[in-house]
Amino acid sequence: MLAIGLLVADRILPEAAAPGTISTPPGESGLASDTEPALENASTANDPASVAVLPFSDLSPDGDQEYFSDGISEEILNVLAGVDGLRVASRTSSFVFKGKRKSIPLITEELNVAHVLERSVRKAGDRIRIAAQLIRADDDAHLWSQNYDRELSTQNLFAIQDEIARAIVSALRQTLNTEIAGSGEVTARTDNLDAYELYLRAVNARSIMSTESARVRVELLQQAVSIDPAFGDAWAELASDLLGLPTWDHQLDPDPYLQRGIDAVAL
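Summarised in this report is the structure supplied together with it. (Residues numbered from 1 in each chain as written. Predicted model: local features only at pLDDT ≥ 70, side-chain atom pairs only at ≥ 80, totals over all residues. Heavy atoms only, no water.)

Some thoughts on the overall build of the protein chain
(1) Moving on: Counting its regular elements, the protein chain contains nine helices and six strands.
(2) Moving on: Taking all 267 residues of the protein chain together, the buried fraction comes to 47%.
(3) Moving on: For the protein chain, the share of sequence-separated contacts (at least 6 apart) that also reach a separation of at least 24 residues comes to 67%.
(4) Moving on: By element, 49% of the accessible surface of the protein chain is carried by carbon and sulfur atoms, the whole surface being about 12800 Å². (Helix = DSSP H or I, 4+ residues; strand = E, 2+ residues; numbered from the N terminus. Buried < 20%, exposed > 50% of the residue type's maximum accessible area, 1.4 Å probe, protein only. Contact = heavy atoms within 4.5 Å. Areas by Shrake-Rupley, 256 points an atom, 1.4 Å probe, with all protein chains shown as cover.)

Examining the packing of helix α7 (residues 211-227) against helix α8 (residues 232-248)
(1) Moving on: Axis separation between α7 and α8 bottoms out at 9 Å; the angle between their running directions is 150 degrees. Taken together, the axes of α7 and α8 lie roughly antiparallel to each other. You can see that α7 and α8 cross each other, and the crossing is left-handed. On the side of α7, the interface is formed by T211, A214, R215, R217, V218, L221, Q222, A224 and V225, while α8 contributes A234, W235, E237, L238, D241, L242, L245 and W248.
(2) Moving on: For the contact of α7 with α8, the class distribution of residues is 11 nonpolar, two polar and four charged. (Axes fitted to C-alpha atoms, helices over the stretch in contact; angles between N-to-C directions. Parallel < 35°, antiparallel > 145°, perpendicular 65-115°, else oblique. Left-handed = near helix turned anticlockwise from the far one by under 90°. Nonpolar A, V, L, I, M, F, W, Y, C, P; charged D, E, K, R; others polar.)

Side note on the pattern of salt bridges
(1) Moving on: Under the defined criterion, the tally for this structure stands at 18 salt bridges.
(2) Moving on: A salt bridge links E74 to R91; the shortest N-O distance between them is 3.0 Å. Placement of the pair is E74 in helix α2 (residues 66-81) and R91 in helix α3 (residues 91-94), with a sequence separation of 17 residues.
(3) Moving on: Judged by relative accessible area, which is 12%, E74 ranks as buried.
(4) Moving on: For D241, the salt bridge is made with R217, and the minimal N-O distance between the two is 3.2 Å. Remark: R217 occurs in helix α7 and D241 occurs in helix α8; sequence separation between them is 24 residues. (Salt bridge = Lys/Arg side-chain N within 4 Å of Asp/Glu carboxyl O.)

Quick look at unusual backbone geometry
(1) Moving on: Positive phi, normally seen in glycine, also occurs at N112, with a value near 60 degrees.
(2) Moving on: Here N112 shows up in the loop between α4 (104-111) and β4 (115-124).
(3) Moving on: Exposure remark for N112: the relative accessible area of 38% places this residue in the partly exposed category.
(4) Moving on: In this structure, R119 takes a positive phi of about 150 degrees despite not being glycine.
(5) Moving on: Inspection of the secondary structure puts R119 in strand β4.

Describing the pairing of β4
(1) Moving on: The element β4 is largely enclosed, with a buried count of seven among its 10 residues.
(2) Moving on: Looking at chain direction, strand β1 (residues 50-53) and β4 are connected through three bridges and run parallel. The partner of A52 across the bridge, within β4, is V116.
(3) Moving on: Where strand β2 (residues 57-58) meets β4, two bridges bridge the pair, whose relative direction is parallel. Paired with D58 across the bridge in β4 is V121.
(4) Moving on: Bridge analysis of β4 against strand β5 (residues 127-136) gives 10 bridges, and the strand direction is antiparallel. Looking at β5, one finds that V121 is bridged to I130.
(5) Moving on: Where β4 folds back on β5, the antiparallel hairpin that results is connected by two residues, among which G125 adopts a positive phi of roughly 60 degrees. (Pairing = 2+ DSSP bridges.)

Remarks on the pairing of β5
(1) Moving on: With seven of 10 residues buried, β5 lies mostly within the body of the structure.
(2) Moving on: Direction of pairing for β5 relative to strand β6 (residues 141-151): antiparallel, over a ladder of 10 bridges. Within the sheet, the bridge partner assigned to I135 lies in β6 and is H142.
(3) Moving on: In textbook terms, the turn of a hairpin is the stretch between consecutive antiparallel strands, and for β5 and β6 this stretch comprises four residues, one of which, D140, has a positive phi near 60 degrees.

Here it is, written out as structure tokens:
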């Protein structure tokens, strides 16, 4: 019960945003601005074995796949965060720069990291294209870049995320000539693409702190686990959101939701 309570608190309590961000009109990539002066030697005081994963831009034809590109970015961030010897800026901090036209040196200075992973996701029909690049801040050097163009499936998505994480760790090892233990590993969360997309929509909705958003998350996750009853991560999110929903909607009796949350954890 204590663990469930802590999980709910982590989902509900707002996180502090990174200071000093300035909103300006986003460009095509939504990332760095050529007109903004770069800081000299911006990353010299930063830990060399450090990286920020910026939210990948959504380049889908209708521009309606932001939840999907954000989900890919977060998955890669989570894998890199588990690599010993590598410091990764939190999602809360790095996603502050979503849609902001700020130079890479300025971003790394504010996040106190020496490298940035960024680029884009394009999802169209039954194809997925993910472009990623690793940039060193102090000289704006591209240490690694790669495009992945494959059939859209959960297997390919998780494989691409795994390849990107391994490539980043390898590039940093070679550049820094230092030991970074492990390489990260992406494990398949589900084999069902529809269930995975519902899960990503629910996770993306966490950024909206409202009663309606809480209800939407529960509905999306219930659909996800009905499609794939073995989807453990979706069950965990559903348990958290079931427990948290009565804290948003005070007209609800919390006891049934508490029991439903406990049942979801057990599954």
